[in-house]
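Letter by letter, the chains look like this.
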Amino acid sequence: MKKKIILLFVICYSLLGVTLSHAQSAATIQEYDTTFLTYPFSDPNPIPRTGKIYPYFTFDGYSTEAVERSWKMVELENDYLRVQITPEIGGKIWSAIDKIQNKPFIYANDVVKFRNIAMRGPWTSGGIEFNFGIIGHTPTVSTPIDYHTMKKKDGSVSCYISALDLLTRTRWIVEINLPKDKALFSTKVHWTNPTDLEQPYYTWMNLAVPAREDLHFLDPGTHYITHGGQARSWPIDRTRQTDLSVYVNNAFDGSKSYHITGKHSDFFGTYYEKTDDGMIHLADRDAKPGKKVFLWALSEAGHIWETLLSDQAGQYVEVQSGRLFNQNSYTSSRTPFKQIGFRPLQTDQWTEYWFPYHGIGSVDFADRHGVWHFDRSAAQLGIDIMGLTTISDTLQITMIDGFVVKKPMEVHPLKPQHIVFMINPDQIARINFGETQIIPEWTKATDLNRPLTIPADFDQSGSYARYLQGHDAARFRLYDQAEKHIRASLSQDSFFIPALTEMAQLQYRKMQYDSAYFYARRALSVNTYDPQANYYYGLAASELGKSYDAKDGWEVAALSPAWRMAAWYQLAAVYFREKNWAMARNYVDKILDIQPANPQGIKIKLVLDRLRNTPVDLAVIDQLSQIDPDNHFVAFEHYLRSPNQHNLDAFQSGIQNELPEQTYLEMAIWYAVKLNRPQDAVKLLKLAPDNNLSDFWLAYLTRTETPPSRTLNQANQGDPRFVFPFRRESLPVLMWAASESNHWKPKYYLALIFAHAGKTQFAKDILFDLPDDTGFAPLYIWRSSFQNQPTEVEKDLRLALSIDPGNWRYLLTLADFLMKQNQLNEATTILTPYYEENTKNYQAGMALAQLHLMKGTLEIADHILREIHVLPYEGASEGRRLYQAVKLNLALNALSKKEYDIARDYLTQSKLWPTNLGVGKPYENLINTALEDQITTWVEAGESGNPPSENQVKALADKIKSRFFQFKEQAPF
C-alpha cells in the first residue's frame with residue numbers, strides 16, 4: 001500500500017537573525033601557558049598507607065593564600081566552540097565555550113583552588129574530569145598526566161590524555177576531539193587492563209555546571225538509585241510531592257546523589273529557564289547507562305563549599321556519566337546493583353558527546369545532529385530545533401495512519417528554528433530529518449521494567465550471596481573481607497565453582513601460588529571446561545614451574561570468548577619466554593586477527609619483529625596510533641631499533657606524568673618478567689628517573705654481568721622516600737637483595753609488599769627484625785601500627801621523632817597515642833610548642849584543642865577554636881563537633897557554679913556554626929540538640945532551686961568527651 005503524502009500549512013522562522021556561512025575552516029589546536037590565581041597543595045605524606053589507595057601517597061598541605069601560577073593550556077577551537085584542557089591538572093577539560101553566545105556552557109572556575117576532596121587529597125572544582133579505577137576522584141585528578149595533540153586529516157583536532165593507574169595497573173586514554181564543522185566535541189575512551197588479574201571496574205565522567213535557581217536537570221527516568229543501591233522515585237519525591245529535577249526543590253536534608261534510571265534514553269543535560277540555554281551529554285546507552293546528579297546541600301552546609309572551592313565563580317552542581325547504574329558503595333552488594341570486574345586483557349572503548357544549546361526551550365530529544373523541543377496541543381505541533389551540524393534535507397512526519405507531512409529544511413549549527421505543523425501530535429508515528437529518527441515518547445513510552453529491588457526471600461547468607469559479597473569486596477580492593485566471604489561461601493558448598501575460582505584469584509594475588517593452584521584445580525574437578533578456573537589454573541601452574549599444566553589451562557580457557565584474548569596472550573608470552581618464536585607469533589596473530597589494535601598483542605609483535613629483523617609492520621602501528629598516538633612501548637621499540645638521540649628524545653618526551661619512574665618501571669617489568677628480556681629492561685631502567693626500587697631491579701637484572709656486591713651496594717644507598725613497592729613481580733628481586741646483603745632497605749620493601757598483599761604476619765616478622773638505627777623515620781611510624789604492646793608503639797613513635805623532631809605528622813601521631821593512653825599532660829606538652837609556631841596547621845590545632853577539652857582546660861580549647869581556620873575534606877564535621885563539645889562543657893562548668901546566665905550564653909554559642917571550623921550549618925531537622933536541651937532543662941531547674949547533682953553533671957560531661965578519645969583528623973578513603 002502506498003503511503004499518502006500531504007502538505008499542511010507550516011509556519012517556519014528562525015529565532016536567530018544571523019546567517020551562518022556554509023563553509024567552515026579547519027579546527028585549530030594550540031598550546032600556551034596561562035596564569036590562574038592558584039591555591040596550591042603541598043606536603044606529600046611519606047608514611048606508607050598499605051590500604052585502599054596504596055601505593056599512592058596523599059598530600060596534606062592546603063593554602064588559604066593564593067599565588068599567581070602559570071598552567072599549560074591546550075585549546076581546541078572551531079567556528080562554534082572553544083575547548084580548553086589542562087594536562088597539568090589531570091587532563092581536565094577546564095572550560096568549553098559556546099562562541100555564538102560567547103559564554104561557557106560548563107562551569108569554568110575562576111581560580112585553581114585545591115582542597116582535600118579526592119582520594120589523594122587535592123581536587124579543584126569545575127570543567128569535566130575523567131575518573132578510572134576505584135570509586136572516587138581518580139588519583140591523577142590534580143597532577144600532570146601524559147598528553148599528545150594532533151591535527152587530523154578530516155580537519156578535526158584532538159588532544160589525547162592518558163595515565164597509568166597504579167591502583168589497578170590499567171591504562172586509560174581519552175581522545176578529546178573537536179570536529180571542524182560541528183557544534184559539539186567528543187571524548188573517546190580506550191581503557192585496557194594489561195594485567196594477569198581481574199581489576200576493579202569504575203569509571204565516571206563528572207561535568208560541572210553553575211548552580212542557579214532556574215536550573216532544571218534533564219534526566220529522563222522513573223527512579224534514582226542511592227550509593228547503597230536503594231531505589232527511590234524520580235523526578236517526583238513522593239514524600240514531599242516536589243519535582244527533584246528542579247534545583248531549588250532540593251532545599252532539604254544534605255548533599256544529594258541521584259543515579260537516575262528507569263527510561264530508555266541516551267542523553268541527559270541541564271536547562272536554565274531564564275536564559276533559555278543549557279548543555280547536553282550524549283552517548284550510546286550501552287556505553288554509558290549510568291547518569292548521576294550531584295549537588296551540595298542548599299543549606300549553609302553546602303554553601304560553605306562555594307568559597308572553599310572558588311573565589312567568584314559561585315556554586316556548582318555535577319552531572320555525571322558512568323558505565324554502571326550507580327557509584328556503588330559496598331552495601332549496594334546486597335541489592336541488584338553490584339560490582340563488576342575488569343577482566344585480564346579486556347579493552348573497553350566508547351565515545352561521548354558534549355554540546356550546548358539555546359533558544360529552543362527545554363530539550364525533549366537530542367542526538368549528534370541536533371537538539372529538539374516539542375510544543376503540543378490537540379491540533380498543533382510546534383518544533384524547536386537547533387542543529388549541531390549543517391543539514392539540508394526534508395523533515396518528514398509519518399502519522400499512524402500512513403500520512404506523511406513533508407517540509408524541506410536547512411539547519412545550521414547553534415542556529416535555532418521554530419516550525420509549527422497543524423496536525424494532531426498524538427497521531428504521530430515517527431519524525432525523520434537527515435539521519436535523525438524520533439519516536440515520540442508521548443506515543444510510545446520508554447519506561448523500563450528492570451528490577452530495582454532484590455527479592456525479600458533471597459538468602460543473603462547463602463553460599464551464592466556470600467560469594468557475591470566476596471566478589472564485590474575484591475572489586476573494591478577489600479581483599480581481606482573478600483576472602484572471609486568466599487570462605488563462608490565454601491563452608492556451605494565446598495564445590496561451588498564461582499567461589500573456588502574467586503578464591504584462586506585471591507590466593508594468587510597474595511602470591512600464595514600453591515593455594516591458588518589447589519582451588520583452581522578443585523574447580524576443574526567439577527567442571528573441566530570452566531574458563532575462569534582454567535585461566536587461573538594456568539597462572540598458578542606457571543608460577544609453580546608446571547609449564548605444560550599452564551599451557552593446558554590457557555588452551556582450554558581459550559574455548560570461551562570472554563577469556564580467549566587473555567589466554568592467547570598468556571600462551572604467546574610463555575612461548576616467547578621459551579624462544580619458540582613461531583608459536584608466539586601464532587598466538588599474537590590470533591589476537592590481532594580478532595582485535596587488530598589490541599595493545600598487548602601489538603607489544604609482543606613489535607618485540608618479535610625486532611628480534612627477527614622483520615621490518616616494522618606500519619599497518620599495525622597505524623591501528624594503535626588511531627587510539628594511542630604516543631604509545632610509550634612503540635616509541636621505545638623504535639628507539640631500540642634505531643638508538644639515536646632523536647628517537648630517545650621522542651620516547652622520553654612522551655612521559656610527562658607526575659610519577660614518570662612508575663611508567664619506566666612498569667615497562668621494564670613487562671620486558672623482564674613477561675618476555676624474559678632482561679637486557680631490554682636494563683636499557684629502560686638506565687634511562688629512568690632516580691628511584692630506589694629501580695636500583696634494586698637493575699642490580700637484580702645485571703647480577704650475572706657485573707659484581708652484584710657493587711650494584712647492590714649502590715641500591716642499598718638509595719633514597720627510600722616515597723618508594724612504595726606493590727607489584728608482585730618485585731618479590732623475587734627483593735628476596736634476592738635481602739639474601740645477598742644485610743641492609744635494611746630490601747627487607748623494609750619486602751614488608752611493604754607483603755602488607756599490601758594481605759600477608760600481615762610476614763610483614764610483621766620482617767619489621768620487628770629491622771634495627772632501630774636506620775635513620776628513616778617513616779619506617780618506625782609505619783611499624784608502630786603493627787605493634788601489639790603500647791610500650792613498643794611509643795618506642796617506635798619516639799624513635800621517629802628523634803630522627804625528625806619537627807615533623808608535625810609524627811608529633812600528632814605520638815600525641816594521639818598518648819591521649820588514648822590517658823597521658824594528656826605529656827601529649828599537650830609535645831604539641832603546644834609546635835602549634836604556637838605553626839598556627840596555620842589546623843590539624844595540630846584541632847588535636848591540641850581536643851587535648852585541652854579532655855584535660856578540662858576548656859578556655860584554652862575555646863581560644864584555639866576561635867582562632868583556627870580549618871580546611872575540611874568532603875563530609876568533615878570534626879571541627880564543629882569539637883566546638884560543640886567545648887561549649888557544652890563550659891556550660892556545664894557554669895551550671896555547676898550556679899552561673900546560669902553564663903551557662904545559657906555558652907548554650908547559645910554551642911548552637912552556632914562558625915565558618916572557620918570548615919562546616920556549614922545544615923537544615924534544622926538534621927541538627928540533634930538533645931545535649932543542649934538536657935543542659936537547658938538543668939539550667940531551668942537550677943534557677944528554680946532544684947539543680948542536678950554533681951554526679952549527673954560529671955556523667956554528662958564525660959559522655960560528651962568520650963567520643964573524642966577515638967577522634968583523629970584524617971580524610972576518609
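Residues numbered from 1 in each chain as written. Predicted model: local features only at pLDDT ≥ 70, side-chain atom pairs only at ≥ 80, totals over all residues. Heavy atoms only, no water.

As recorded in an unreviewed UniProt entry, the protein goes by DUF5107 domain-containing protein and comes from Membranihabitans marinus.

(A) How the structure looks around the overall build of the protein. Across its full length, the protein carries 30 helices and 39 strands. Radius of gyration (C-alpha) of the protein: 31 Å, near the 30 Å computed for a compact globule of 973 residues. Within the protein, the fraction of its 973 residues that count as buried is 59%. Counting contacts in the protein only where the partners sit at least 6 residues apart, residues at least 24 apart contribute 67% of the total. By element, 49% of the accessible surface of the protein is carried by carbon and sulfur atoms, the whole surface being about 38800 Å². Taken together, the 100 basic and 110 acidic charged side chains of the protein have centroids lying 4 Å from each other. (Helix = DSSP H or I, 4+ residues; strand = E, 2+ residues; numbered from the N terminus. Rg over C-alpha atoms; globule rule 2.2 N^0.38 Å. Buried < 20%, exposed > 50% of the residue type's maximum accessible area, 1.4 Å probe, protein only. Contact = heavy atoms within 4.5 Å. Areas by Shrake-Rupley, 256 points an atom, 1.4 Å probe, with all protein chains shown as cover. Lys, Arg positive; Asp, Glu negative; His and termini not counted. Charge placed at Lys NZ, Arg CZ, Asp CG, Glu CD.)

(B) Geometry of the environment of Met205. The residue Met205 is located in strand β19 (residues 203–210) in this model. In this structure, the C-alpha to C-alpha distance between Met205 and Leu559, residues 354 residues apart in sequence, is 35 Å. Met205 has contacts with Glu129, Phe130, Asn131, Phe132, Val189, Lys288, Val319, Gln320, Ser321, Trp350, Glu352 and Trp354, leaving out every residue within four places of it along the chain.

(C) The arrangement of helix α30 (residues 950–962) in detail. The terminal C-alpha atoms of α30 lie 18 Å apart, and with 13 residues this matches the ideal 18 Å at 1.5 Å per residue to within 8%. Those residues of α30 hidden inside the fold are in contact with α25 (842–855), α27 (878–896) and α29 (930–943). (Expected span 1.5 Å × (residues − 1).)

(D) Fine view of unusual backbone geometry. Looking along the chain, the bond that leaves Tyr54 and enters Pro55 is cis, with omega of 20 degrees. Mapped onto the elements, Pro55 comes out in the loop between β4 (41–44) and β5 (59–62). One non-glycine residue with positive phi stands out, namely Leu345, at about 65 degrees. Note that Leu345 resides in the loop between β30 (341–342) and β31 (347–358).

(E) Focus on the pairing of strand β26 (residues 267–272). Counting buried residues along β26, six of its six residues qualify, which places the element largely inside the surrounding structure. Taking every second residue as pointing to the same face, both faces of β26 are buried, with Phe267, Gly269 and Tyr271 on one and Phe268, Thr270 and Tyr272 on the other. With four bridges joining them, strand β20 (residues 215–218) and β26 adopt antiparallel strand pairing. Counted as the bridge partner of Leu218 is Gly269 from β26. By the bridge criterion, six bridges tie β26 to strand β27 (residues 277–283) in an arrangement that is antiparallel. Paired with Thr270 across the strands is Met279, a residue of β27. Linking β26 back to β27 in an antiparallel pair, the connection comprises four residues, with Asp276 at a positive phi of about 50 degrees. (Pairing = 2+ DSSP bridges.)

(F) The arrangement of empty space enclosed by the protein in detail. Going through the model one piece at a time under the given rule, you end up with nine cavities of 30 Å³ or more. Together, Tyr56, Thr140, Thr143, Pro144, Ala163, Leu164, Leu166, Asn657, Glu658, Leu659, Gln662 and Thr663 line the largest cavity. Among the elements of the structure, β15 (157–165) and α14 (660–674) are those that each provide at least two residues to the lining of the largest cavity. Classifying every residue of the lining of the largest cavity by side-chain character gives six nonpolar, five polar and one charged. (1 Å grid on protein atoms, 1.4 Å probe; cavity = no way out; pocket = protein on both sides within 12 Å on 5 of 7 lines; lining within 4 Å. Points joined across faces, edges and corners; volume = space filled by probe spheres on them. Nonpolar A, V, L, I, M, F, W, Y, C, P; charged D, E, K, R; others polar.)

(G) A look at the UniProt feature "domain: DUF5107" (unreviewed entry) in the protein. Those residues carrying the UniProt feature "domain: DUF5107" (unreviewed entry) are residues 52–356 in this numbering. Its end C-alpha atoms 38 Å apart, residues 52–356 is made of 3% helix and 47% strand. (UniProt positions renumbered as here; feature names shortened; annotations may be inferred.)

(H) Expanded view of the environment of Gln850. Relative to the elements of secondary structure, Gln850 occurs in helix α25. For Gln850, a relative accessible area of 3% puts it in the buried group. Linking Gln850 and Leu865, residues 15 residues apart in sequence, is a C-alpha distance of 9.8 Å.

(I) Molecular detail of the sheet that holds β31. The antiparallel open sheet is built from eight strands, whose spatial order is β14-β15-β16-β17-β31-β27-β26-β20. Looking at the sheet topology across the chains shown, the edges are occupied by β14 (146–151) and β20. Strand-to-strand twist in this sheet, taken as the mean axis angle between neighbours without regard to direction, amounts to 15 degrees. When strand β17 (residues 185–192) meets β31, the two strands line up antiparallel, connected through eight bridges. Pairing of Val189 across the sheet is with Trp350, part of β31. (Axes fitted to C-alpha atoms, helices over the stretch in contact; angles between N-to-C directions.)

(J) Spotlight on the confidence of the model for the protein. Residue-level pLDDT values for the protein average 94, and 97% of them are 70 or greater. Ignoring residues within four places in sequence, the model shows residues 967–973, a span with pLDDT below 50, making 26 contacts including any to other chains. (pLDDT = per-residue confidence, 0-100.)

(K) Structural detail: the pattern of salt bridges. Applying the stated criterion to the full structure yields 49 salt bridges. The partner of Arg809 in a salt bridge is Asp60, and the shortest N-O contact between them spans 2.9 Å. Taken together, the residues span a long stretch of sequence, with Arg809 in helix α23 (residues 808–820) and Asp60 in strand β5 at a distance of 749 residues. Residue Glu483 is joined to Lys510 by a salt bridge in which the shortest nitrogen-to-oxygen separation is 3.2 Å. Of this pair, Glu483 sits in helix α3 (residues 479–492) while Lys510 sits in the loop between α4 (497–509) and α5 (513–526), and the two are 27 residues apart along the sequence. For Glu483, a relative accessible area of 12% puts it in the buried group. In this structure, a network of salt bridges that share partners links the residues Arg585, Asp589, Lys605, Asp609 and Asp617. (Salt bridge = Lys/Arg side-chain N within 4 Å of Asp/Glu carboxyl O.)

(L) Focus on the packing of α27 against α30. Two numbers describe how α27 lies on α30: the axes approach to 10 Å, and their chain directions differ by 170 degrees. Between α27 and α30, the crossing angle belongs to the class labelled roughly antiparallel. Across the interface between the two elements, Ala885, Leu888, Asn889, Leu892, Leu895 and Ser896 of α27 pack against Val953, Leu956, Ala957, Ile960 and Lys961 of α30. Along the lines of polarity and charge, the residues of the contact of α27 with α30 split into eight nonpolar, two polar and one charged. (Parallel < 35°, antiparallel > 145°, perpendicular 65-115°, else oblique.)

(M) Just the packing of helix α2 (residues 463–475) against α3, in detail. Closest axis-to-axis distance for the α2/α3 pair is 7 Å, and the angle between their directions is 160 degrees. Overall, the two elements α2 and α3 adopt an arrangement that is roughly antiparallel. When you trace α2 past α3, the crossing you get is left-handed. From α2, Ser463, Arg466, Tyr467, Gln469, Gly470, His471, Ala473 and Ala474 reach across to α3, where they touch Tyr479, Gln481, Ala482, Lys484, His485, Ile486, Ala488, Ser489 and Gln492. The class makeup of the residues in the contact of α2 with α3 is seven nonpolar, eight polar and two charged. (Left-handed = near helix turned anticlockwise from the far one by under 90°.)

(N) Highlighting the side chain of Ser321. Mapped onto the secondary structure, Ser321 falls in strand β29 (residues 316–322). Look at Ser321 and you get buried, because its relative accessible area is 0%. A polar contact of 2.6 Å, which involves the side chain of Ser321, links it to the side chain of Glu352. Discounting chain neighbours no more than four positions away, the residues touching Ser321 are Thr203, Trp204, Met205, Phe268, His281, Lys288, Gly290, Glu352 and Trp354. (Polar contact = N/O pair within 3.5 Å; in protein donor to acceptor, adjacent residues only side chain to side chain.)

(O) Inspection of the nonpolar core at higher detail. Formed by 207 residues in total, the largest nonpolar core has its most connected members in Ile604, Trp697, Tyr748 and Leu892. For this core, the element with the most residues is helix α8 (residues 561–577), which contributes 12 residues. If we ignore the near neighbours within four places in the chain, the residues touching Trp697 are Leu665, Ile669, Ala672, Val673, Leu685, Glu729, Ser730 and Val733. Counting 71 residues, the second-largest nonpolar core is a separate cluster that includes Ile176, Ala211, Leu244 and Val319. (Core = buried A, V, L, I, M, F, W, Y, C linked by side-chain atoms within 4.5 Å.)

(P) Region of interest: the side chain of His190. Relative to the assigned elements, His190 resides in strand β17. In this structure His190 comes out as buried when scored by relative accessible area, which is 7%. Look past the residues within four positions of His190 in its chain and what remains in contact with it is Arg171, Trp172, Ile173, Thr347, Asp348, Gln349, Pro599 and Ile627.

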